[in-house]
Amino acid sequence: FLNSEFTPQIPFNQLSSDPNIAGFRKYSILRFPDIGSNANNVKLQYSKSASGNIYEDIQYNTISLLPSFFPEGSCAVDKVEYDIDAYPNRLCLFFHDQVSNGRIELFTNSRKTLITEDKINSMEHYRQSTFRRRTGQRANQIIVDYAIVLDMQRTNSQSFQGVCKILSYLQPQDNLYFERPNK
């Protein structure tokens, strides 16, 4: 958790042991499925519409991101359900790894984005439900709320570099919500 900032109101060991706080469990943040590992060969795709607007290819990027965080062949995307026209704020991903299979449902609650030829600035708020079944065990469900903030600058004709911040929220259904000081 190099360069991470955590609230001083709740001890880190309590935060990290709560399964409903995004980032402490594998797959709890779809775009960063294993925050403690380095992503390899991530390729993201953006396209330009006929009207000249630049937009993210969410389905392609989702399929590209998940396996890039794990050793080759140890995690695979089985299917992505995403309909940009009918349900642009809902994505469902089916995956499997060496010890489990699962489904992630991602709901975009709000999205603010500015994409130009040289910059990508965005803030997206998500609610994510992750259903994961380990071999020989019952499936479990984790529901988390978080936001991802991107501030990227073009470095050359093919690349951007920048900062990504992840904001994880406590909700009233979380036990820590009622235990924190200054409710």
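Residues numbered from 1 in each chain as written. Predicted model: local features only at pLDDT ≥ 70, side-chain atom pairs only at ≥ 80, totals over all residues. Heavy atoms only, no water.

Chemist: Even after reading the chapter, I still don't get the packing of aromatic side chains, so can you show me in this structure?
Modeler: By convention here, two paired aromatic rings are described through the distance between centres and the angle between planes. The final tally for this structure, using the stated rule, is five aromatic pairs. What links up through ring pairs into an aromatic cluster is the set Phe6, Phe12 and Phe24. We note lysine 79 situated over the ring of phenylalanine 94; from NZ or CZ to the ring centre the distance is 5.0 Å. Looking at arginine 103, its charged tip hangs above the ring of phenylalanine 131, at a distance of 4.2 Å from the centre. (Phe/Tyr/Trp six-rings, centres within 6.5 Å; stacked < 30°, edge-to-face > 60°. Lys NZ or Arg CZ within 6 Å of the ring centre and 35° of its normal.)

Chemist: Can you help me understand the pairing of strand β3 (residues 75–83) in this one?
Modeler: Strand residues, when the strand is regular, have side chains that alternate between the two faces of the sheet. Sheet topology places β3 next to strand β4 (residues 87–97); seven bridges connect them, and they run antiparallel. Paired with alanine 76 across the strands is histidine 96, a residue of β4. The antiparallel pairing of β3 with β4 creates a hairpin that spans three residues between the two strands. (Pairing = 2+ DSSP bridges. Helix = DSSP H or I, 4+ residues; strand = E, 2+ residues; numbered from the N terminus.)

Chemist: Just to check I follow, could you spell out the sheet that holds β3 for this structure?
Modeler: Across a sheet, paired strands are connected by hydrogen bonds in the backbone, their directions being either parallel or antiparallel. Sheet architecture is open: six strands sit in the order β3-β4-β5-β6-β7-β8, paired in antiparallel fashion. The open sheet terminates on both sides in strands that have one partner only, identified here as β3 and β8 (159–169). Strand-to-strand twist in this sheet, taken as the mean axis angle between neighbours without regard to direction, amounts to 25 degrees. The sheet contact formed by strand β5 (residues 100–115) and strand β6 (residues 119–134) spans 15 bridges and is antiparallel. Counterpart to phenylalanine 107 in the pairing with β6 is arginine 127. Each of β3, β4 and β5 touches helix α2 (residues 58–68); the most contacted strand, β3, lies at about 165 degrees to it. (Axes fitted to C-alpha atoms, helices over the stretch in contact; angles between N-to-C directions. Contact = heavy atoms within 4.5 Å.)

Chemist: Is there a simple way to explain the pattern of salt bridges in this structure?
Modeler: When charged atoms on two side chains of opposite charge get close, those side chains can pair. On inspection of all chains with the given rule, the structure shows eight salt bridges. Of the charged contacts in the structure, one is a salt bridge between aspartate 145 and arginine 127, with a shortest N-O distance of 2.8 Å. Of this pair, aspartate 145 sits in strand β7 (residues 140–156) while arginine 127 is found in strand β6, placing the two residues 18 residues apart along the sequence. Using a relative accessible area of 7% as the deciding quantity, one classes aspartate 145 as buried. (Salt bridge = Lys/Arg side-chain N within 4 Å of Asp/Glu carboxyl O. Buried < 20%, exposed > 50% of the residue type's maximum accessible area, 1.4 Å probe, protein only.)

Everything listed here is a matter of coordinates, which is why it stays silent on function.
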